[in-house]
Structure formats: C-alpha cells, structure tokens
Amino acid sequence: MADLAVQQARKGGAAGGLSRFLHNTFIRNLSAKIAAAPMMATVLVVFIGCTIWTIWYSLTDSRLLPNGEFVGFEQYQRLFSTSRWNVSVVNLLIYGAFSLVFTLGIGFLLAVLMDQKIRFESAFRTIMLYPFALSFIVTGLVWQWIMNPSLGLQGTIRNMGWESFTFDWLTNPRMVLFALLIAGLWQGVGFVMILMLAGLRGIDDEIWKAARVDGIPTWRTYMSIVLPMMRGVFVTAVVLVGSGIVRLYDLVVALTDGGPGISSEVPAKYVYNYMFGAGNIAQGLAASTMMLLTVMIIIIPWAYLEFGGRGRRT
Amino acid sequence: MSQTATISSAGPDEKPKSDSRVEPRGPRPKPFFTPRKIVIYSILIFACLYFLFPLYVMLTTSLKTMPEIRWGNIFAPPIEPTGEAWVKAWTSACTGLTCQGLNPGFWNSVKITVPSTIVSIFIAAVNGYALVNWRFKGSEIFFTILIFGSFIPYQVMLYPLVMITRELGIFGSLWAVILVHSIFGMPILTLLFRNYFAALPVELFKAARVDGAGFWRIFFEIMLPMSLPIFVVAIILQVTGIWNDFLFGVVFAGTQNYPMTVQLNNIVNSAQGSPEYNVNMAATILTGLVPLIIYFVSGRLFVRGIAAGAVKG
C-alpha cells in the first residue's frame, strides 16, 4: 500500500508530494500517533510550552497575575540585588559542592567495601538503601528531632556529663547547611552506593587478574584502573545527584524552613515563596529561570559527552 | 583480593610427599579476623549505625511519654512503651487549622497515589510500546525531549501548570495532582517501558502483525501479559515517588486534599503550643510506613526501579 502511494506520488509531482507528506504525517500509523498523543502533548505543552512561557514572563513586571509589561532584564537585576536570593545561591553552591563530593566519595567507598566478598551483603545493602525510600519530609523531621538542641543529641550527651558538648547546627547560622548535609547524605548515599556497586560488578574479572599478576597493589588498581573505567557511572551519578541538588526544596522546608533567619534558604524555596506567597510572580519566574540555567549548565556538557558522538554509542 | 589468589594457588594441588605426616587436604581455612576484614566490617557497621540511628530514634521516641522525653536521653529505650502518641498522631494531632490527626492525609494520599499510578503507568506503557514497535516520524525526537525534560526543575513549569489546571477548572482538586503526577512520571516510566519492550523478541510482534492484529490488540493481548515484571517495577517506583511527593501536593491539591506529607509537615512545623515530640515521631513513622513496607517487601525490584533512573536510554 505504501509503495502504491509512493508511485502515485511520483506520478502526481508536486501535488502528490504534498498529499504524501500529509499522509505520512497524519494518517500513516494513526493509532500509534493517537496513543502517543499524551506524550506529544506533554512534550509540546509542558516541557517546551511552559518553559518558554516562564522565560518570557520572567521578562515582565507581573505581580499578582501574569499580565505585566515587558521590562527586559529588570527582574534579574532585582533578583541579584536581593540579599535573600544571593544567600540562597551561595547556600546552594556550598551545599551542592559538599553534597556532591561526599555523596560520591562515601558512595564509592561503601561500594568498594561492599565489593570485598563480605558476608551479610544484602543486609548491609538493605540498611543503607532504606532511607532512599523515605520522603525528604520524613528525613527532615527525623533529623530535626535528633538535632534538637535541648532534648536531642546535644542535650542527651550533656545530660550524660559532657557539659561542653555542642551540636547546635540547626540554630547556628554558620553550621545549618551542614545539618542539611547530614540529613541529605543519610537519604541519598545508599542510592549512589548501589549505582557504584553495579559499576564495580560490571568490571571484568580479567582486569583484576591482570593487575594482580603485575603485582599492582589493590588500592592502586582502584585508583588507576577501576576509577577511570567507572567514568560513565560517575558521570551518571553526578548528573542525577546534581539535578537533585538544584531541586532541593522539601528537605529544607521540613528541616529548617530556611532558618535560622535566612541562613539556609535555597533557590527553589525562593521561587515558591515569590510565586505563591509574596505575590510577585515575575520575580519567582526569573528565579526559576536561573534554576533552569543552572541545570542546563550541568546537563548540556553531559549530553554532549554522552550523545555527541552519534556513532560511538550504538 | 590478593588473599583469594594465594588460596586458590595453594588449594587443590596435592603433592605426594615422602613425609609420613598427614597433609591437610582442601583449601587453607580462611582466618576470619584478619586486620583487613576488621577494618572493612567496622567501617560498614559504623555506616549502618548512622543509617539505622534515625529509625531507632523515631521508634523509641514515638513509644515514650512526654515526661520521659523531657528527661533528655534520646538513646534510651522507652521505659514503659505506650501507643498513645500513635493514636493521637492518627486521630487528633493538630495541623494548625484542624485537629483530625493524619488519617485524612493518609486517605488523601491514597486517593492521589492510586489513580496517579494507574494513569501514569498506562500512558507510559503505551508510549514505550509505540516508541519501540510503531515508530513514526519524529517519535524519537519527542522521546529525547521527554527525557531531557525530566531534568528541568519543576519550579520552572509550576506556574504555567497552575494556570493550565485553573483553565481546566481542576486546580485545587485531586484531578490536578493526578494530572501533574502523570505528566512528571512520564519520562522515567516511558524510558523504563521502552527499554523493556525493546528487549522483547521482535518476531512476536511481527507474527501478530502478520496475523492481522492491530495496535491495541497486540498491546493488550501480547505485550501486556508479557510485561508483568516491569509493571511491578513501575508500580513500586510510582507509589513510593507519589507518596513521598510534597511540592505538587501543596501547590495543586487544595487545602482539603493535602496529602500525608504536607499534613505531616504542618503537624510538626506549624502546630501551636508546646511540641509533642512523641506524637511528631509517631506521625513521621506513619507517613514513612507505606514506602518502607514497599521497600522491605519488594527488595531487589525496588533497586531495579530506582536504578532505572540511571540506565541510559
């Protein structure tokens, strides 16, 4: 049938070309296209449409409703002259750097230890991964209680006789980000450990044998052979952990609610507060556009590395 | 690693010896407490303490009475365990506005999770099937954008979606949350199903095609019955993900439909009066219970589900 259509199209010339185009675009494979309509709608309306809408309206002075005048980059100027936003960005950078290094570092270390033919491996695995099943709200609230200055860990150890013991990170503006870090690591390290463990298991035994024959010490094999071979796993982990960090919101709401003062504010929370709390939509949109920009800075180099060389992947 | 090498080389070979002594047979017994092993296990056990401590604290605190908590020993097990805090958390804890406990939130979460899971998985299964077996012009482009779209921070699309749901007249209702969960669950689930269907032998599809079966018939009669395992993975992934969601619930559901996570946060963080830590912890466990049960029951499938996020398409 398709051949027939093609033949007809060849005979018909330009008009046939158009009808063939219409036929291919709309009629051919029709039920598949109907079935995939929700996906196409999601891509076109939400992922493309909504994103463009947000970027466009971030250039207006909309306040309670998105109906403002075009004002260029004024919202962005205001954004970067607002101390709360600047604090948010710096917080995210500090938290992000520590979180990335520690999640990957501890995740890799635990995976290496788990890969030493140990006993009770599945028990260890279960224990390390269960926090990942819990929500950030639960995570935040548990750690909020543990870090309660008077009745939590600090109070308990002081009651036991160590009077000068201090663990007041939730109320200490300089340490509160590390309180977030402890809770964030608790939730996320198990997942990275599983990823890394899968990566380690994927490395050919022959490589280990060869390294052993050459008398290379185990740690050296890990550093010089295994780590470079796991580049792909590390890149995936960086991308996943990184885009999670940019989204960081629930954990902050539950654990610190941005406090004390504004010392643990993060961009996602700034966006939410301006959009739904302060009634300054364009400001929230500008902030969310900056979040998008950050994610793109992480994603685009990765996408280029992973999918750039078309022939390499398949 | 180096140990196993020496053991296997010293292992099975039995050299005939002129000695009259009895040679031990078999591999040399491995000493369990080598320094290396001690270091490995102590680090792992220390890590496990860090991971288990919050669970222990949650449980013990929730079983204590408030006077006992005020003594200030977070490590101590409850002297006389009581379920009062659990009852209060479930039925009468205050969220700042109402004092009905968590149970309305629980049922709201059920009402959100069940339809969202079904709708999102059905759409994704059809997507995956169409992308593998019924490719059309541009289908791969849509798929690529879908995958990259999953990295866009939700905050970017949040406000336009509020406007869209408002236009549709469903903002502030369960429908809005279900729609949003179906949208944002689509990338990962579609990837999951696409990879699964791509691994099935294509001859099955071709044979059904030759026999004259159409798009939906092949989907329902051949593909669905064969994809039970991936459905289980998808269900685990979606139920835990949607149950744990906070942002969409708080934005789209409307006050009377707040899911459990939102109500939990309100109970703990915006309640008036002196905080009751035992009730807070009981409420926290109750909220975490559903995903925890799923996690402990499903075991390896859960790992497969979350690892799906890391698998490249």
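Scoring rules and cut-offs
- Residues numbered from 1 in each chain as written.
- Chains lettered and ligands numbered in written order.
- Predicted model: local features only at pLDDT ≥ 70, side-chain atom pairs only at ≥ 80, totals over all residues.
- Helix = DSSP H or I, 4+ residues; strand = E, 2+ residues; numbered from the N terminus.
- Buried ≥ 20, exposed ≤ 12 C-beta atoms within 10 Å, placed from the backbone.
- Contact = placed C-beta atoms within 7 Å.
- Domains from an automatic or database assignment.
- Nonpolar A, V, L, I, M, F, W, Y, C, P; charged D, E, K, R; others polar.
- Axes fitted to C-alpha atoms, helices over the stretch in contact; angles between N-to-C directions.
- Parallel < 35°, antiparallel > 145°, perpendicular 65-115°, else oblique.
- Left-handed = near helix turned anticlockwise from the far one by under 90°.

### A word on the overall build of chain B
Within chain B, the secondary structure is distributed over 15 helices and 0 strands. Considering chain B as a whole, with its 313 residues, one finds that 42% of them fall into the buried category. Sequence separation of 24 or more characterises 74% of the internal contacts of chain B that already satisfy a separation of 6 or more.

### Describing the domain arrangement of chain B
All names here are of chain B. When its domains are assigned, chain B resolves into domain 1 (32-82) and domain 2 (103-308). Measuring from the centre of the C-alpha atoms in domain 1 to the corresponding centre in domain 2 gives 34 Å. At the junction of the two partners, domain 1 supplies 8 residues and domain 2 supplies 7 residues. At the level of secondary structure, the elements contributing two or more residues to the side of domain 1 that touches domain 2 comprise α2 (35-63) and α3 (66-70). With 4 residues, α2 is the single largest residue contributor to the side of domain 1 that touches domain 2. Looking at the side of domain 1 that touches domain 2 residue by residue, the classes come out as 4 nonpolar, 3 polar and 1 charged.

### Some words on the interface of chain B and chain A
On the side of chain A, 79 residues touch chain B, which itself brings 77 residues to the contact. It is α2 of chain B that provides the largest number of residues to the side of chain B that touches chain A, a total of 12 residues. Considered class by class, the residues forming the side of chain B that touches chain A number 54 nonpolar, 20 polar and 3 charged.

### Observations concerning the packing of helix α8 (residues 174-199) of chain B against helix α11 (residues 228-244) of chain B
Residues and elements named next belong to chain B. One can describe the packing of α8 onto α11 by two numbers: an axis separation of 11 Å at closest approach and a directional angle of 155°. Taken as axis vectors, α8 and α11 run roughly antiparallel relative to one another. Both α8 and α11 take part in a crossing whose hand is right-handed. Contacts between α8 and α11 pair His181, Gly185, Leu189, Leu192, Phe193 and Tyr196 from the former with Ile230, Val233, Ala234, Gln238 and Ile242 from the latter. Residues of the contact of α8 with α11, tallied by class, amount to 8 nonpolar, 3 polar and no charged.

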